[in-house]
Amino acid sequence: MKHIIEPLGDQSLFIIVGEEISPDIHHRVQAIVEEMDATWITEMVPSYTGVAVYYDAMQLRKTYPHSSPYERAAAYVSACIDSIAGREASSGRTIDIPVCYGGDDFGPDLPAVAEHNGLTEDEVIEKHTSREYLVYMLGFAPGFPFLGGMDGEIAMPRKEEPRLKIPAGSVGIAGSQTGVYPLETPGGWQLIGRTPLSLFLPEKTPPSYLQPGDKVRFFSVTREAYEQWEEEE
Amino acid sequence: MIEVLEAGLFTTIQDSGRAGYQKYGVSVGGAVDTVAHRLANIVIGNDENDATLEMTLQGAAFHFREAALLSITGGDMQPRIDGVPVPMWRPVYVHKGNELRFGNAVKGARTYIAVAGGFQADEFLGSASTYLQAGFGGHEGRAFQKGGTLERNRSSAMSERIVDQLTEKRINGPFAASDWWVSDMAVPMNNQGEAIRVFEGRHHHLFEEESIRSFTEEAYQVDTKSDRMGIRLKGEPLNLSVKEEIISEPVTFGTIQVPQNGQPIVLLADRQTTGGYPKLAQVASADFSKLGQVKPGDKVRFMMIPHREAERLLLEQEQYIRWCRSAIRRKVEEGHI
C-alpha cells in the first residue's frame, strides 16, 4: 500500500495514505489500525487521510538502545502496512439515528437550508434521510462524528456568527458535511433537527456511541416519538 | 482534610493525562507542565501520575485541618505557610491547623501542589484530570471555587518514611522541609528568554519563505486569550505561499497551527484531538515545560532544530527524571532529610 510516514511529535508519527476524503482511503486507514499491535503503541488516532500513532519512546529506547525510537516505530509501521497487501478492513456497523427535524428549538435553520437550495423543508428532510453516511473519524468534541456522503443539494455554509450554545443532540450542516453535536458546545453549523440519542457515553467504554468505520442512517421521527425516546434514554 | 480558602484564578486537579481515547474525540488533558507535575509527586514518594493541583497565574489559599506531606513545583507564586516562605521542589511537612497561601506568579505561570498519596478526585476514563469541555473528572469536572475541600489518598511507605524523618527534625515554625531539593535548573522555565525549540511541521513547506524566516527571527507575544487549550501568539503574520485546503488530521501537544489570520497557536493539554489548520512546526517535548510556564504578555522566540535532536532531548529529560527518582529514594533510605 502506498504510504508516507512522517513525525507528528517526537513521541508520535503520522501515516499518510491519501490526499482526499474518500471511502477507499478510509478503508485503508481502518485496515492499518486493525493490523497494528505493539506494546509500545500508546494510542492510535485514525483520521480522513491517515493514522497518528503515539508511542512510548522510552520503551523503544530500552529495547533498541542504539536506534532512534522514531525510526524503529516507522520501520514497524511500514512492515505492518506491507503485510496488509490487499486485505480489506472489517466492515463497520450500520446505525440508525432518529431525528426530529425542524421547529424553532430543534432545527431553527431548516427553513434557511431549504431556501438556500431552492427546496421545500420536506425535500431537505427527504434528502438528509435518504443517504448512508460513513463515520470517517471522531473529533472536535467527545463522540462528535465527521460524517461523509451528504447530498450536495442540501449543502450550506456555516453561520457567519457562531451560536454560543448548541444543545446536545443537535443535527447540523456545515458546507457539504453533516454531523451531530454530542455535547452542548458553541458552533457555527446550520441546525436542522435534534436526536434523542446520546452520542457521548461517559459511563461506557468506549465512551462514544459511534466509532470510526460505522455507517449512519438518519430517520425522521415526530416530536411525540422524540420525547418518548428521550424518556427511555 | 484540606479546605480551599481562596480558589485562585484557575485551579484544577490534573494528572499525567487521559491517554487512549483520542480516537473517540476525547482530549488528553493533564498537567500543562508535566515535568513540574511529575517532580512534585516524585519528591514526596508518590506515583508520578498521582493527581496534583494546577494553579494558574494567581494562587490559591488552603487551611490544613490535619498535618500533611506536600510539595510545590512549577512557577513561583511565593508560597507561605502562616506567613513563613516555603521552599519549593522538595518535601514539606505542614502541621495541623496551618494555612498555605500563594500570591501571583512572579516567575512562570503554573504552580503544582502534590500531597502524599495524591489528591482524591473523580476518575473519568482512567484519569483524574479535569475535563472541562465535558464536565467530568478532577473536582466535579470544573475549576475549584472558594469553600471546596480536598482529601488525600493513602500514602506510600516511602511517603511515610519522609514524614517520619521530617517530624524528627527539630524546627521552630509552622512546617518542616528537607535540606535537599530537585534542581530547578533542569526545569526549562528558569531559562526565560531562551528560545523554544521546534522542528518542522508537516505543512512547513507550504509557507512563504519570508514567513518561515519571521517565525524564527521575530519574537511573538502571548495573547490574553491563551488557555489550557492553546497559546495564542501575536506578531509578524505567517502566510501560506500556496493556498491549500487542509483536511482535518491529528494534532498533538506542542503542534503549532496557523489559522487564516496568520497568527500562530501552540496547542496544549486541553487541545482538540484533530485540527484543520496548517501545521508550521512542532515544539520538542523537552520544551513543553517552557510552554506551560509562559504567561500573557510574555515574548517567545522559536528555534528550529532537527527532529532527531528533539528526540535526543526527550530521552535526556526522561533520564534526568529517572535519576531524580532513584537519587531521592537513596536519600530517604539513608535517612538524609
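All figures in this text were calculated on a predicted structure; none of them were measured in a lab. (Residues numbered from 1 in each chain as written. Chains lettered and ligands numbered in written order. Predicted model: local features only at pLDDT ≥ 70, side-chain atom pairs only at ≥ 80, totals over all residues. Heavy atoms only, no water.)

**Q** Help me out: how do you make sense of the overall build of chain A in this one?
**A** When helices and strands are tallied, chain A shows 6 helices and 13 strands. Across its three principal axes, chain A shows a C-alpha extent of roughly 65 × 35 × 35 Å. Considering only contacts within chain A whose residues lie at least 6 apart along the sequence, 60% involve residues at least 24 apart. When the accessible surface of chain A is split by element, carbon and sulfur atoms take 47% of a total near 10,500 Å². Across chain A, 18 positive and 36 negative side-chain charges occur, with their mean positions spaced 5 Å apart. (Helix = DSSP H or I, 4+ residues; strand = E, 2+ residues; numbered from the N terminus. Contact = heavy atoms within 4.5 Å. Areas by Shrake-Rupley, 256 points an atom, 1.4 Å probe, with all protein chains shown as cover. Lys, Arg positive; Asp, Glu negative; His and termini not counted. Charge placed at Lys NZ, Arg CZ, Asp CG, Glu CD.)

**Q** Would you mind going over the domain arrangement of chain A with me for this structure?
**A** How big an interface is tends to be stated in terms of the accessible area lost upon association of its parts. Residue and element names in this part refer to chain A. Partitioning chain A into structural domains gives domain 1 (4-84) and domain 2 (94-232). Domain 1 and domain 2 are separated by 32 Å when their C-alpha centres are compared. Counting from both sides, the interface comprises 8 residues of domain 1 and, opposite them, 8 residues of domain 2. When domain 1 packs against domain 2, the two sides together hide about 710 Å² of surface, and 65% of this comes from carbon and sulfur. The largest per-residue losses of area from domain 1 upon contact with domain 2 belong to His26, Pro46 and Tyr48, which jointly make up 67% of the total buried on that side. Our count for the contact surface shared by domain 1 and domain 2 stands at 0 salt bridges. The tally of links between domain 1 and domain 2 comes to 2 residue pairs in polar contact (both at pLDDT 80 or more). In terms of residue count, helix 1 (residues 23-35) provides more of the side of domain 1 that touches domain 2 than any other element does, 3 residues in total. Counted by class, the side of domain 1 that touches domain 2 contains 4 nonpolar, 4 polar and no charged residues. (Domains from an automatic or database assignment. Buried area = accessible area lost by both parts, 1.4 Å probe. Salt bridge = Lys/Arg side-chain N within 4 Å of Asp/Glu carboxyl O. Polar contact = N/O pair within 3.5 Å; in protein donor to acceptor, adjacent residues only side chain to side chain. Nonpolar A, V, L, I, M, F, W, Y, C, P; charged D, E, K, R; others polar.)

**Q** Teacher, can you tell me more about the pairing of strand 5 (residues 94-101) of chain A here?
**A** For a regular strand, side-chain orientation follows a simple rule: the groups alternate between the two sheet faces. All names here are of chain A. Summarising burial for strand 5: 6 of the 8 residues are buried, a large majority. Where strand 5 meets strand 13 (residues 215-220), 6 bridges bridge the pair, whose relative direction is parallel. Bridge pairing links Ile95 to Val216 in strand 13. Relative to strand 12 (residues 190-194), strand 5 runs antiparallel, the two being bridged by 2 bridges. For Tyr101, the partnering residue across the bridge sits in strand 12 and is Gly193. (Buried < 20%, exposed > 50% of the residue type's maximum accessible area, 1.4 Å probe, protein only. Pairing = 2+ DSSP bridges.)

**Q** Explanation requested: the interface of chain B and chain A in the structure shown.
**A** Each side of the interface is counted separately: chain B has 37 residues, and chain A has 50 residues. Between chain B and chain A, roughly 3,500 Å² of surface is buried when both sides are summed, and carbon and sulfur atoms account for 63% of that area. The partner of Arg308(B) in a salt bridge is Glu71(A), with the nearest N and O atoms 2.7 Å apart. At the surface where chain B touches chain A, the tally comes to 12 residue pairs in polar contact (both at pLDDT 80 or more). If you list the elements that add at least two residues to the side of chain B that touches chain A, you get strand 16 (249-250), strand 20 (279-283) and helix 5 (307-334) of chain B.

**Q** Looking at this model, I keep getting lost on the packing of helix 1 of chain A against helix 3 (residues 69-84) of chain A. Mind explaining?
**A** Helix-helix packing is described using two parameters, namely the angle between the two axes and the distance between the axes. Residue and element names in this part refer to chain A. One can describe the packing of helix 1 onto helix 3 by two numbers: an axis separation of 10 Å at closest approach and a directional angle of 115°. Between helix 1 and helix 3 lies a crossing of right-handed hand. Facing helix 1, whose interface residues are Ala31, Ile32 and Glu35, helix 3 presents Cys80, Ile81, Ser83 and Ile84. In terms of residue class, the contact of helix 1 with helix 3 is built from 5 nonpolar, 1 polar and 1 charged. (Axes fitted to C-alpha atoms, helices over the stretch in contact; angles between N-to-C directions. Left-handed = near helix turned anticlockwise from the far one by under 90°.)

**Q** Explanation requested: the sheet that holds strand 5 (residues 68-76) of chain B in the structure shown.
**A** Sheet strands associate in pairs through backbone hydrogen bonding, adopting either a parallel or an antiparallel arrangement. Residues and elements named next belong to chain B. Taken in spatial order, the 6 strands line up as 2-3-10-5-8-12 in an open sheet, and their pairing is antiparallel. With partners counted over all chains shown, the strands left at the sheet margins are strand 2 (11-14) and strand 12 (175-177), one partner each. Averaged over all neighbouring strand pairs, the angle between strand axes comes to 25°, with direction disregarded. Judged from the 4 bridges that link them, strand 3 (residues 52-56) and strand 10 (residues 107-115) form a sheet pairing that is antiparallel. If you follow Glu54 over to strand 10, its bridge partner there is Tyr112.

**Q** Sorry, what's going on with a negative patch on the surface here?
**A** Negative charge collects at one region of the surface, where Glu224(A), Glu227(A), Glu230(A), Glu231(A), Glu232(A) and Glu233(A) lie side by side. The residue Glu227(A) is located in helix 6 (residues 223-232) in this model. (Patch = residues over 30% accessible without salt bridge, like charges linked within 9 Å, V, L, I, M, F, W, Y side chains within 5 Å.)

**Q** What am I meant to see in the pairing of strand 4 (residues 61-64) of chain B here?
**A** With 4 bridges joining them, strand 1 (residues 2-6) of chain B and strand 4 of chain B adopt antiparallel strand pairing. Paired with Glu3(B) across the two strands is His63(B), which belongs to strand 4 of chain B.

**Q** Even after reading the chapter, I still don't get the packing of aromatic side chains, so can you show me in this structure?
**A** How two aromatic rings sit relative to each other is set out by the distance from centre to centre and by the angle between their planes. All names here are of chain A. Here the structure, examined in full by the defined rule, presents 20 aromatic pairs over all chains. Here Phe106 and Tyr226 contribute two aromatic rings whose centre-to-centre distance is 4.5 Å and whose plane-to-plane angle is 50°, an arrangement assigned as tilted. Of this pair, Phe106 sits in the loop between strand 5 and helix 4 (110-116) while Tyr226 sits in helix 6, and the two are 120 residues apart along the sequence. Summarising the burial analysis for this pair, Phe106 and Tyr226 share the class buried. The rings of Tyr48, Tyr136, Phe140, Phe144, Phe146, Tyr181 and Trp189 are connected pair by pair, giving a single aromatic cluster. Over the ring of Tyr64 we find Arg72, and its NZ or CZ is 4.0 Å from the ring centre. A cation over a ring is seen here: Arg223 above Phe106, with NZ or CZ 4.1 Å from the ring centre. (Phe/Tyr/Trp six-rings, centres within 6.5 Å; stacked < 30°, edge-to-face > 60°. Lys NZ or Arg CZ within 6 Å of the ring centre and 35° of its normal.)

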